[in-house]
Structure formats: structure tokens, C-alpha cells
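# A structural walkthrough
Spelled out, the chains give:
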Amino acid sequence: MTDLLARVLLPVASVEDAQATARAVAPYLGDAGSVVAVHVIEKAGGAPDKASVEQRESYAGEVFDAVREQLGDVETDLRFDTAVEDAIFAAAADHDASAIVFTPRGGSRWLRLLTGDVTLHVVTETDRPVLVLPDIGEAAVEGGEAEGSVGAAPESEASNPERADPADGASDDTASVEESAGGDEHAP
Amino acid sequence: MTEEELAKDLGPLAALTIGVGTMIGAGIFVLPGDAVQSAGSLAIASFVIGGFIALLTAFSASELGTAMPKSGGAYYYVNHALGPLFGSVAGWANWLGLAFASAFYMVGFGRYVQDIVGVGGVVAVGPFAMTPVKLVALVGAALFIGVNYVGAKETGRLQNVIVMLLLAILAVFTLVGAFRADPANLPASPGVGSMLGTTGLIFVSYLGFVQITSVAEEIKAPGRNLPRAVIGSVVLVTVIYALVLLIMTAAVDQGFIAEVEAAGEIAVVQTAALFLGPVGATAMLVGGLLATASSANASILASSRINFAMGRDNIVSPDLNKIHPRFATPYRSIAVTGGLILVFVLAGSVNDLAKMGSALHLIIYALLNVALIVMRTVDPADYQPDYRVPLYPVTPLLGAVTSVALLAYIDLTLVLFSFGIAAAAVVWYFLYARTRTEKQGILGEYILSRAEEMPEPAVSAASSVQPDGGSYRVMVPLANPEHEHDLITLASAIAKQHGGTVVATHIVTVPDQTALASAAEHADELDETSAQLLADAEADAETFGVPVETHTIVSHRSFEEVFDAARDHDADLVVMGWGPDSHGSPGRVESALDEVTSTVPCDFLVMRDRGFDPSHLLVPTAGGPDSDLSAEVARLLQAEFGSEVTLLHVAEAGEEASAREFIEDWAAGHDLGDAACRIETGDVETAIEAATGDCSMLILGATERGLLSRLVSGSLVLDVVDEVDCSVIMAEKKRRRSLRERLFG
């Protein structure tokens, strides 16, 4: 299991998502593990994009900065694709990632319908392990450092990563570990 | 494919449909009835003249677009060429012009929905009474604003299909109509004046081509595809407009259009019904809905690009361009534009909205043509358009003149209102944007660089509207009262040389357990030295005649607060003291602190204060950006206090000759030609220490990245700072990681 986090790919969609993902993964990363953060600019494919490319690139800079703020100088990869999940898989293959790690972004069914459910695609179409970590929440991390008592100190989870109790976190998302060993385990 | 190619995915056809899709909605589906009624058979000429004026500007937009394929289009070119004063006018006119045009499209959309549903009269919604057309327009506008707020990439692709469908409908309409055409049907024309008035009204049908330039950065091979799309879309829609208008006047009886319009029906739909029965009418109704919707949708999208480009230049607040974390859309910009559209739908009649859209765009088109002339005249080295306007300078001159001339045929009140918006944009520039924007136009640079040859009024006009990007601000975080005088003296001397301001701040640190809000109330009690310290600082700065601001900041953190305060107060330079006990020790883990200090928000001077005596300055240098700053400080102090300056370069043994050459070049390159140059060999720190014997102050450039981060983490850079007897100033340049480093670092 130690190999699972040898080289993790963090798909990060927004500054908030980057903070949550980096916060969640930090306690589990050993000295040997390396991280590649990937941000995908969704292209309309032959039509004007939702926002200017230059605008999205500058936002990507903010997103990567948010990852670096938590995890130090990690590798980053900016991709352009009409399907976000395809770009994530391509990045995972290019970087030979041992696992794709993210925190769920929540949101109602309607919101998912509007924005496209990237999570579902990633989980159902993956060719390598996918690890979903609970968002442990900003309060938990900062409180833990400032007063050293209340809140879920991430270190306590690190000793027992597979059984990280989601109730400790500020998030209501459920922790789950999804794994699929090879390309033959695609969902129907 | 490279990143660049992946980011640019608009092919020639997609680019063309942006233009055609934005324009065709208004020209064919909303305005022909009004146009035929007011200009008779000359309505065709109105559309052709409008197309001709648009084409002249399309040439200029193409050339500028291939030279600068940047997001923001027309605004960007005008701002770049004519400077931010005109940039502000073009940006606001383009933004509001699109909002007016979108409101107009939505009212057109409302007419189609009403025609289909067939409800007349007045609808009362709460206290408001409005026509069903306006109600539908409001709902439709809210819908398309919502679509863009959430950002569905499918709408863009749908646009291509819609344009193809519209072209097919209109082709059938024209062909069938052609068999019925009879020149005897052509109505009489009321004259050239009303024809030109009609051109002013229908010019709103020719706004779409500039929207292509606003997405220029996404177009594949823009050098070839952008001119084709821009010019091609204008030519194509002009031909379609002319043919459809010809059919509508020649293939129906005289008076038919007037009858239909009087009955509240839509002219083009009734004409199609006449030719093709209910099938024709249905096709036109569907076409009208799709066309007005796609025009509005494309305009809302384009306006957010203009907002982005304006925010990038600080003409408006960049906060307007925040990206939504979930939808990845510029949601604030779209919401503000959406609000404007709703107001305009409520406020204006369909013709007034069309004319406002036309008038504001005519102002932009005139400026665009002038921008082209300026770029050609000044011909900066980086201006390399792949496409060049034919018959220069006749084409852009004619484009500018005809655009302004057409304004004369739009209702005076609306033109005055448009000029009022332009005037408000000028006021906006002087009150808001001038202190924030930094970009100077090519025109201003050109005039000011040739101040001697240019006529005096031009030079004074150019310099009086220059952006100042804010005045130079030197922030001094004060902690220890003992060093207040020396730090303020140093800061004031530099501020005075820059004609800037000193910002004295006292950062009061309170324990983590104390809430900041309650601490702020008791700030004076918590630290009674604060008031005295800032009063002293004020008095010291005033002896230099430098304006001074004072602030007390209450914070849990000390050192990091300096960075935040520097950002908050727009500091260009921070002058701070550093000693064994100043500003506390860092409170956070080191990696986070490294992150804080790897982006240095402005220049920093850190002073180890052993008395302020600028009589003889020693500046050791090995080149590099941080010693550029130490040279600048030495130069400013020399100008203020008449200091003697010695430059020191420590070379490898045996390379003294090349070292001498280096230091003399360096001195000349930094305006320190009169400084004494000293070459030493051996250990750097020993050499510096030895050289300080004769000097009163040592100015050190940070020799490598992270001087500040190591200062705060306690591992001081050079022992020499502690070992010499004089004051030491350490200089670190502003450092911001480039976008490239942040994305691919």
C-alpha cells in the first residue's frame, strides 16, 4: 500500500478545491511520495470558451499557488481539453501516476448536471487507483496548529490512513477508497 | 500538439459563425419592417451603406487583430494605440454598447415569442405593468445571462448549427421570393435623408464582426483566419441583408409591410407566410427565436472578454473578473452585464436600444480606425500585422469619417446620451483609472519621446493625460522607537527623490488568544507607544516636506503582516529595521513562510541601524537585480545628502583587470559614474568588512533569492552584517513569479 502514494496526481479545479485537496493529502504523503498537480482548462472545441484563455491561465496560476502553499514546490501540469476527465487520465499516464487523489466537491445533483460530473467520469473510467479523501476542513488544520488541541489533527490520521474517520473533519463528505487495479475493471 | 495549439481551437468557420451569428439576428429578423417603412425601396441601400461603413472598419480591425491577437479586441487595440484615456472610452462604449445591443436582441426575441404565443395587451407583474414582449424579453435575458453565468460549452457549438440553419432558411426564402419578384412592387422612397436615418437604426446589425476580434486569442492561425472571418462575415451578411430586403420589397405588394407592421405582426414572418404558407411562417418564427437568442448569447460572452481586458489594464477593478470556482466562468462580469441588460430592456424602446447600440459602436469604430493610423504612423518594432489594410491611408480615414458622419443621422438625444457615456468614461479615467493603470499608449509615448519636434499643445496634452500608476509609496513598519528616526529619515529621503509618500505603520501584535476585534478597540492601551511613535514619524517625515500617512495595524502575526500591509497599502518600497529583537519571530512553519517570501510584493530595504550617517556609502556588487536596487538607493541618498559613494567588487585573484572593467561599466550603467571603484580579492566578507572601515553606511544587495525569508527564520545571510560597525542596508528587489513559472515551475 505504500506504493499507492508514490506518485500521486492531484486534479485541482479551483483555489478552494486545491486547498482542500492539498490539505487532505498532506498527512499521507511520506518522504518518498511525489505530487503532480493538474489543472484542466475546459475547451469548447470549435466555439468560444466560457472565459478568456488568458484569464483561465492566470486563474490556473492561482490554483497552483494554492497547492504550493500547502505542499511546497510540487510539479504542476496545465492541460487543455474538451473533456476534463480525459485530460486527467492523459496527465496520469504521462506522469506515470500511482494514484489519482482528490476530495469530493459536493454539490447537488442539479449542480452536477449543470457543470458535468467529472468525479463520476474519473471514478468509473479510470485505469489506475483513484483515492477520494475527505475534506478535513481549514478549521481543523489551523486550529490544530494554533492551539494544538481541538479539531482533527492531521497527524493522528496519518498513522491510520485507511480508517480516517470522516466525522473528524468539518466536511460532510464520506471518505471512500476506490480502487481498480487495471483497465479491465471499467464500469459497464 | 503544443499547448499553444490546444488553447487555440477556433477554426476559420467557427470564427466566421461568431460574426455572422451575432449580426444576422438583428438585421433580418427584427429590423426589416421598420427599415422598409421608413426608407421604402432605399431600405436595401441603407443596409448596403451600413455594410460598407462596417467593411471599412473591418479592414482596420483585421490588421490590428493579426498584429495583436489578444483577448478584448477593439478595446485592447484602442487602449494600446491611443492610451488609457481613449481606452477607457472604447472599453465602456464597447461594454455598454453590447449591453444595449443584447437588450435590443432580447426585445426582438420577445416579439417572436409573443407572435408564437399570441398574447396581446398588458401584463401586470406586481406593481409593474408591461407589455408581454418586454416581460418575455426580461425572462429571456435572465435565461441567457444564467446560461453564461453557469457556462455551458454546448451553447457555443449550438451557435454553429444555428447559423447554418438560418442561412438555409434565408436561402430558401430568397429563392422562392425571387420567382415572385416584380420591380413594379418596389415602394417609393422618401429620400436620402430618411435612408441615412434608417442606416443609423439598422447599423446595430453590423456589430458582430468586432466580437470576433474579442476572442482573437483563441483563433487558430489568426494571421490568416482572423481577417477572413472578420471581413468575410461583413461581406456575407451584407449580401444576405440586401437580398432579403430586395425580396421583401419587390416580391410583395406595396403597402403590405406597412399593413403587417400596423397589425403588430413581424414583417419577415408574414412575408414568408405569403410565399410558403404556414411552413414558411413557422420556419421564420423558429429562425427568429434562434437568431435573436444567439446574438444575445454571443454579445454577453463578448462583453465579459472586454471586462477582462479592461480589468487586466486596471481600467476597471480586476475583482470584476474573478473566475467562479465551480463554473469556471467570469461570473461577476456576467452578472453586472446581465443587470445592465435587464435595466436597458425595461428602459428603452426597441428602436432606441438599437440606436444606442449603433451609436456607441460607431464611436468605437471611429477610434479603431484612428488607432490603426497611429500604429502605422508610429510603426513600433513589435507591430507586425500579417494582414494589411488595402489603400492605406484612404480606407481607415474614410472608415473613421463615415462612422462619425453616420452619428449625425441618429436621433440627437441618443447621440448626446452616447457622448455622455463617452464623457463619463473620460471622467472615470481621471477619477479612477488614471492612478491605477500603468500602460501608456503608443501615441502618448510617441509624442512624449519627440517632445522637441512636436507642437507644444500636443506635448502638454499628452503629458497631462498620462497614467501615473499611483504615486511612489514607501512603507515603514515601525517596531522599536529607538530606530524610528533613522528609518523614517531613510524612507523620507527616498520618497522625496521619487516625489512620493511615506506610509508609517505600527504593527501591534497581540497574542493569538485575543480576538482582533476587541484588540483593535484597546489598541492604544495594548501599546501606548503606538500613538507617540507615529506622531514622531510624522514629524520626522515632515522635516523633508514629504507627505506622510500613518496606520496602526493590529495582528496576530508580525513579520508576515508586513507583507500583507505592503500589498494593502500599495507600497512600492518597504523600509524596515532588523535587529535581534525587532518584529518578533516567525509564527508559522517554515515552508509556508518560504511561500510568503518567495513572492516579494515590492522592493525591500532592511536596515540594521547603528545610526543614520549617509556621508560615505559603500556598495559592494557582483551585478544582478538586487544590487541594481542598492545602486538606486545609493544614488538617491547621494542626490539627497551629497554622499560620497564607493563601489566594491570582489574578484578572483589574477582577474583584477576584467573586474575593473566590469565595475566601471556597472557604475556607468547605474548613473554612479562619479563613484570611487575599489577592487579586492579573496574572501568576500573579509573584503567588505575591511572596506567599511572608511565608510559610514553599507548597502548590500541580496546576493541570492530569499534574503528576507532567511532573515525571518533567524539564519542571517552574512555575518558581515553583525561584524561591521556602521549601519547596514540590505536591499531585495520586488519579485513576483512569472505566470510561466507559476504554471510550469
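Conventions we followed
Residues numbered from 1 in each chain as written. Chains lettered and ligands numbered in written order. Predicted model: local features only at pLDDT ≥ 70, side-chain atom pairs only at ≥ 80, totals over all residues. Heavy atoms only, no water. Core = buried A, V, L, I, M, F, W, Y, C linked by side-chain atoms within 4.5 Å. Buried < 20%, exposed > 50% of the residue type's maximum accessible area, 1.4 Å probe, protein only. Helix = DSSP H or I, 4+ residues; strand = E, 2+ residues; numbered from the N terminus. Contact = heavy atoms within 4.5 Å. Phe/Tyr/Trp six-rings, centres within 6.5 Å; stacked < 30°, edge-to-face > 60°. Lys NZ or Arg CZ within 6 Å of the ring centre and 35° of its normal. pLDDT = per-residue confidence, 0-100. Expected span 1.5 Å × (residues − 1). Polar contact = N/O pair within 3.5 Å; in protein donor to acceptor, adjacent residues only side chain to side chain.

This brings us to the nonpolar core. Residue and element names in this part refer to chain B. Grouped together as the largest cluster of nonpolar side chains are 152 residues, with contacts concentrated most on Phe104, Phe209 and Val268. For this core, the element with the most residues is helix α6 (residues 84–117), which contributes 19 residues. Beyond its immediate stretch of four places on either side in the chain, Phe209 contacts Met23, Ala54, Thr57, Ala58, Ala61, Val230, Ser233, Val234 and Tyr365. Core analysis: the next-biggest nonpolar cluster, separate from the first, contains 47 residues, Ala504, Val619, Val645 and Trp666 among them.

Residue and element names in this part refer to chain B. One pass over the full model with this rule turns up 19 aromatic pairs over all chains. Plain terms: the ring middles of Tyr149 and Phe327 are 6.2 Å apart, the flat faces sit at 65° to each other, and that makes the pair edge-to-face. With Tyr149 in helix α7 (residues 132–150) and Phe327 in the loop between α13 (267–312) and α14 (331–347), this residue pair connects regions lying 178 residues apart in the sequence. When its relative accessible area of 27% is taken as the criterion, Tyr149 is described as partly exposed. Connected via pairs of aromatic rings, a cluster forms that spans Phe47, Phe203, Tyr206, Phe209, Tyr241 and Tyr365. Directly above the aromatic system of Tyr392 lies the positively charged group of Arg376, at a separation of 4.4 Å from the ring centroid. For the cation-ring pair, Arg436 lies above Tyr432, with the distance from its terminal atom to the ring centre recorded as 4.0 Å.

Further remarks concern unusual backbone geometry. Of note, the amide linkage connecting Tyr392 of chain B to Pro393 of chain B takes the cis form, showing an omega dihedral of 0°. A positive phi angle is found at Asp96 of chain A, which is not glycine, with a value near 50°. Along the polypeptide, Asp96 of chain A turns up in the loop between α3 (84–94) and β4 (99–102). Even without being a glycine, Ala221 of chain B presents a positive backbone phi close to 40°. In this structure, Ala221 of chain B sits in the loop between α10 (208–214) and α11 (222–250). For Ala221 of chain B, a relative accessible area of 36% puts it in the partly exposed group.

Our focus in this paragraph is the confidence of the model for chain B. Residues and elements named next belong to chain B. For chain B, mean pLDDT is 83; residues scoring 70 or higher make up 87% of the total. Across residues 581–596, confidence stays below pLDDT 50; counting only partners more than four residues off in sequence or on other chains, it has 26 contacts. For this predicted complex, the interface confidence reaches an ipTM of 0.73, while the overall pTM sits at 0.73.

All names here are of chain B. Along the polypeptide, Thr22 turns up in helix α2 (residues 12–29). Assessed through its relative accessible area of 1%, Thr22 is described here as buried. With residues up to four places along the chain from it excluded, the contact list for Thr22 reads Thr17, Tyr105, Gln159, Gly208, Gln211, Ser295, Ala298 and Ser299.

What follows concerns helix α2 (residues 53–71) of chain A. Taking 1.5 Å as the rise per residue, α2 of chain A with 19 residues should run 27 Å; its terminal C-alpha atoms sit 26 Å apart, in good agreement. Here α2 of chain A starts with a cap whose side-chain oxygen sits 3.2 Å from the backbone nitrogen of Glu54 of chain A, and that cap is Ser52 of chain A.

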